[in-house]
Amino acid sequence: MMKTFALHIFLICTIASAAIGCARDESDLAPASGGIRFEASADRMEREGETSQGNDVTTTYTIPDFRVSAFKQWETLMDNVVVTRTGINSWMYSPVVDWPENDSVDFFAVSPSTVKINNNPWWYHSFRYINSDCATDLLISVKSKAVQSDGRIRLNFRHALARVQVRLKTSDQFSEIKVDQIDVRNIHQHGEFHYPMQTTSPETNRGELFKCWNIYSADESITLFQASDGNTLDPSGEATIVGPENLFMLPDSLTTLDQQQHWTGTHIYLSYTRDGVANIARIGLRESTPDAKWLPGRSYRYTVDITPAQNMTRGIAKEPDNIRITCEVTDMQ
């Protein structure tokens, strides 16, 4: 199992120790007296200067910004304040908010800052999320009962979505297989996340974050790849990514593919040609996915193997292709 990746955000009201080893602006080293300031760190630091490229997983150096709300009991101290990166390890927001005297503060944060938190100080905090293109990593964090005397206040950001990757392979040496279209169908792309009330940490249970989601509209689809001239698969048996390298999906309980009910159920729709002859395959995901769920912070790499038909005559298939699928699950990195 790959080492669990945890993204942390620090809120500080004093000058940070030089042990962080990252350059910062001098102006950021002198916060206003009693003011809340921010600093970023992580268990696994990425290379300095690394930038996010499209569908990449967010890391310490690629998180662009986040939005935070803070409450002193039922009093709002910060309402959807946007905090932006100003350097390798420095952050800025304005106006600076002071710590309250002799009272604790609860913080709720989300990244990217385009997501707005719906605040309800008397009950719960949540946000609605439309995962239209499945291209953005989403992180959340909670820090409860923080006080100024704590010094550095660590906000542990956790991945709120699951990452999905689809690869194709074939060992057919006799035919040319061209992929025309790949969809992931009958998924959820609309949901609402209800923040947990406990502080998040690297040990936060993914099942607990899974329960924080209310999702709906399960008949939606996302197209990974579509081309009129197709994409020819390498017959060597090596798996090839066709479409985006990563898809960020709402956590979901996968449903069984049912041909009798107009192809309901979570599945991959695959359109391809073998030597110019059109083929369509629908591959259910529930059976190949451990626990039949996509959990937050987990990566699910599916490999679809288009195996040559057993009954071949001079390379011509006399039976339908044998389509097999496997799923490798790791922690998000």
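Residues numbered from 1 in each chain as written. Predicted model: local features only at pLDDT ≥ 70, side-chain atom pairs only at ≥ 80, totals over all residues. Heavy atoms only, no water.

A few words on the confidence of the model for the protein chain. For the protein chain, per-residue confidence averages 81 on the pLDDT scale, and 78% of positions sit at 70 or higher. Here residues 9-32 scores under 50 on pLDDT; set against residues more than four positions off or in separate chains, the count is 65 contacts. (pLDDT = per-residue confidence, 0-100. Contact = heavy atoms within 4.5 Å.)

What follows concerns the pattern of salt bridges. The final tally for this structure, using the stated rule, is nine salt bridges. Across the salt bridge formed by Arg274 and Asp321, the nearest N and O atoms sit 2.6 Å from each other. With Arg274 in strand β18 (residues 267-274) and Asp321 in the loop between β23 (316-317) and β24 (322-331), the pair connects residues that are 47 residues apart, well separated along the chain. Across the pair, Asp321 and Arg274 agree in class, each one buried. Two residues, Asp331 and Arg298, come together in a salt bridge whose shortest N-O distance is 2.9 Å. One end of the pair, Asp331, is in strand β24; the other, Arg298, is in strand β21 (residues 298-307), with 33 residues separating them in the sequence. Its relative accessible area of 3% is what places Asp331 among the buried residues. What you see here is one network of salt bridges that share partners, running through Asp172, Arg274 and Asp321. (Salt bridge = Lys/Arg side-chain N within 4 Å of Asp/Glu carboxyl O. Helix = DSSP H or I, 4+ residues; strand = E, 2+ residues; numbered from the N terminus. Buried < 20%, exposed > 50% of the residue type's maximum accessible area, 1.4 Å probe, protein only.)

A few words on the packing of aromatic side chains. Applying the stated criterion across every chain yields a total of ten aromatic pairs. Plain terms: the ring middles of Phe193 and Trp213 are 5.2 Å apart, the flat faces sit at 70° to each other, and that makes the pair edge-to-face. Residue Phe193 is found in strand β12 (residues 190-194), and its partner Trp213 is found in strand β13 (residues 213-216); the two are separated by 20 residues along the sequence. Take Trp213: its relative accessible area is 7%, and that puts it in the buried class. Ring pairing ties together the aromatic residues Phe71, Phe108, Phe127, Tyr129, Phe193, Tyr195 and Trp213, which thus form one cluster. Its guanidinium or amino end placed over the ring of Tyr269, Arg185 lies 3.8 Å from that ring's centre, counting from NZ or CZ. Positioned above the aromatic ring of Phe210, the side-chain terminus of Lys293 is 5.0 Å from the ring centre. (Phe/Tyr/Trp six-rings, centres within 6.5 Å; stacked < 30°, edge-to-face > 60°. Lys NZ or Arg CZ within 6 Å of the ring centre and 35° of its normal.)

Once that is clear, we can look at unusual backbone geometry. Excluding glycine, most residues fall at negative phi; most peptide bonds, likewise, are trans. The peptide bond linking Ser94 to Pro95 adopts the cis configuration, its omega dihedral lying at -5°. Checked against the element boundaries, Pro95 lands in the loop between β5 (90-92) and β6 (105-111). The linkage connecting Ser111 with the following residue, Pro112, adopts the cis geometry, with an omega of 10°. As for its position among the elements, Pro112 is in the loop between β6 and β7 (126-130). Positive phi is not limited to glycine here, since Asn80 has a value of about 55°. Here the phi dihedral of Ala292 falls at roughly 55°; this positive angle occurs in a residue that is not glycine. Mapped onto the elements of the fold, Ala292 is located in the loop between β19 (277-284) and β20 (293-294).

All right, on to the sheet that holds strand β14 (residues 220-232) then. The antiparallel open sheet is built from four strands, whose spatial order is β14-β11-β18-β19. If you trace the sheet from one side to the other, it starts and ends with β14 and β19, each paired once. Averaged over all neighbouring strand pairs, the angle between strand axes comes to 10°, with direction disregarded. In this structure, strand β11 (residues 177-187) lies alongside β14, joined through eight bridges in antiparallel fashion. (Pairing = 2+ DSSP bridges. Axes fitted to C-alpha atoms, helices over the stretch in contact; angles between N-to-C directions.)

So, about the environment of Ser90. One can find Ser90 in strand β5. On a C-alpha basis, the gap between Ser90 and Arg37 in space is 9.2 Å, while along the polypeptide they are 53 residues apart.

What follows concerns the nonpolar core. Nonpolar side chains in soluble globular proteins tend to be buried together. Ranked by internal contacts, the top residues of the largest apolar core, which has 33 residues, are Val184, Met249, Leu270, Trp294 and Tyr302. At the level of secondary structure, the elements contributing two or more residues to this core comprise β10 (162-170), β11, β14, β16 (247-249), β18, β19, β21 and β24. If you tally residues by element for this core, the top one is β11, at five residues. Excluding its chain neighbours within four sequence positions, the residues that come into contact with Val184 are Glu220, Ser221, Ile222, Leu224, Leu247, Met249, His267, Leu285 and Trp294. Of all hydrophobic cores here, the second largest spans 21 residues; its members include Val110, Ile140, Leu250 and Met332. (Core = buried A, V, L, I, M, F, W, Y, C linked by side-chain atoms within 4.5 Å.)

Further remarks concern the sheet that holds β12. Sheets are built from strands that pair by backbone hydrogen bonding, the pairs being arranged parallel or antiparallel. Taken in spatial order, the three strands line up as β7-β12-β13 in an open sheet, and their pairing is antiparallel. Where the open sheet ends on each side, the last strands, each with one partner, are β7 and β13. With strand direction ignored, the average angle separating the axes of adjacent strands in the sheet is 15°. Relative to β13, β12 runs antiparallel, the two being bridged by four bridges. Along β13, the bridge assignment pairs Phe193 with Trp213.

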